[in-house]
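Analysis of the macromolecular model
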Amino acid sequence: MTKIKAGLLLGIVAGIIDVIPMVLMKLPLSADLSAFSMWVVVGFFIAALNIKLPGALKGIMVAFLTLIPIAIIIGAGNPADLVPVMIMTLILGGLLGFVIER
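A few points on the structure. (Residues numbered from 1 in each chain as written. Predicted model: local features only at pLDDT ≥ 70, side-chain atom pairs only at ≥ 80, totals over all residues. Heavy atoms only, no water.)

With that out of the way, let us pick up the packing of aromatic side chains. Enumeration over the complete set of coordinates arrives at one aromatic pair. Summarising the aromatic geometry, the rings of Phe44 and Phe45 are spaced 5.9 Å apart at their centres and angled 50 degrees between planes, so their arrangement reads as tilted. For Phe45, a relative accessible area of 40% puts it in the partly exposed group. (Phe/Tyr/Trp six-rings, centres within 6.5 Å; stacked < 30°, edge-to-face > 60°. Buried < 20%, exposed > 50% of the residue type's maximum accessible area, 1.4 Å probe, protein only.)

Dropping the structure here:
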């Protein structure tokens, strides 16, 4: 399996993990799709980006950079909602980067 395919597959897994609590909280479908697609894109970017950083740090950096447009929208509605989003981004971004780079 190529690194890009692995990144996409692992991004799908991370997206599912992130969306499960969102579905249980009955958030809008648009929020679920936004979060899921972000993780697929993050998985691709981590796999495709050629930057000399440890895998976990690379994953965190890519995940937070990708989160910025979404965070602006979330923060405009209720800034407190950013706390769980940032925690999940830190955890899943680090794990995704670590696993993809192995």
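Let's shift gears to unusual backbone geometry. Residues other than glycine seldom take positive phi values, yet Lys26 does so here, at roughly 60 degrees. As for its placement among the helices and strands, Lys26 is situated in the loop between helix H1 (3-24) and helix H2 (29-48). Classification of Lys26 as exposed rests on a relative accessible area of 74%. (Helix = DSSP H or I, 4+ residues; strand = E, 2+ residues; numbered from the N terminus.)

With that settled, consider H2. One full turn of an α-helix is made of 3.6 residues, so residues set three or four places apart face in the same direction. For H2, which comprises 20 residues, the first-to-last C-alpha distance of 29 Å matches the rise-based estimate of 28 Å (1.5 Å per residue) to within 8%. Taken together, the buried positions of H2 are Asp32, Ala35, Met38, Trp39, Val40, Val42, Gly43, Ile46 and Ala47. Against H1, helix H3 (55-77) and helix H4 (82-100) lie the buried residues of H2. (Expected span 1.5 Å × (residues − 1). Contact = heavy atoms within 4.5 Å.)

Here we take up the packing of H1 against H2. Running from amino to carboxyl end, H1 crosses H2 at an angle of 155 degrees, the nearest separation of the two axes being 7 Å. In terms of axis orientation, H1 runs roughly antiparallel to H2. The element H1 and its partner H2 pack so that their crossing is right-handed. Among the residues making up the contact of H1 with H2, the classes are represented as 16 nonpolar, four polar and three charged. (Axes fitted to C-alpha atoms, helices over the stretch in contact; angles between N-to-C directions. Parallel < 35°, antiparallel > 145°, perpendicular 65-115°, else oblique. Left-handed = near helix turned anticlockwise from the far one by under 90°. Nonpolar A, V, L, I, M, F, W, Y, C, P; charged D, E, K, R; others polar.)

What follows covers H3. Under the 1.5 Å per step criterion, the end-to-end length of H3 is 33 Å for 23 residues, consistent within 8% with the ideal 33 Å. Taken as a whole, H3 has its buried residues at Gly55, Lys58, Gly59, Val62, Ala63, Thr66, Leu67, Ala71 and Gly75. Buried residues along H3 sit in contact with H1, H2 and H4.

A few words now on the nonpolar core. In terms of nonpolar packing, the biggest core is built from 14 residues, with Met38, Trp39, Val42, Ile46, Leu96 and Ile100 touching the most fellow members. Among the secondary structure elements, those contributing two or more residues to this core are H2, H3 and H4. Sorting elements by how many residues they give to this core places H2 first, with five residues. Among all residues touching Ile100, those that are not within four sequence positions of it are Lys3, Gly7, Leu10, Gly43, Ile46 and Ala47. (Core = buried A, V, L, I, M, F, W, Y, C linked by side-chain atoms within 4.5 Å.)

Here H1 crosses H4 at 155 degrees, and the two axes come no closer than 10 Å. It follows that H1 is roughly antiparallel to H4 by the angle criterion. Where H1 crosses over H4, the two elements pack in a sense that is right-handed. On H4, the residues touching Lys3, Gly7, Leu10, Gly11, Ala14, Ile17 and Asp18 of H1 are Met88, Leu92, Leu96, Val99 and Ile100. Of the residues contributing to the contact of H1 with H4, the split by class is eight nonpolar, two polar and two charged.

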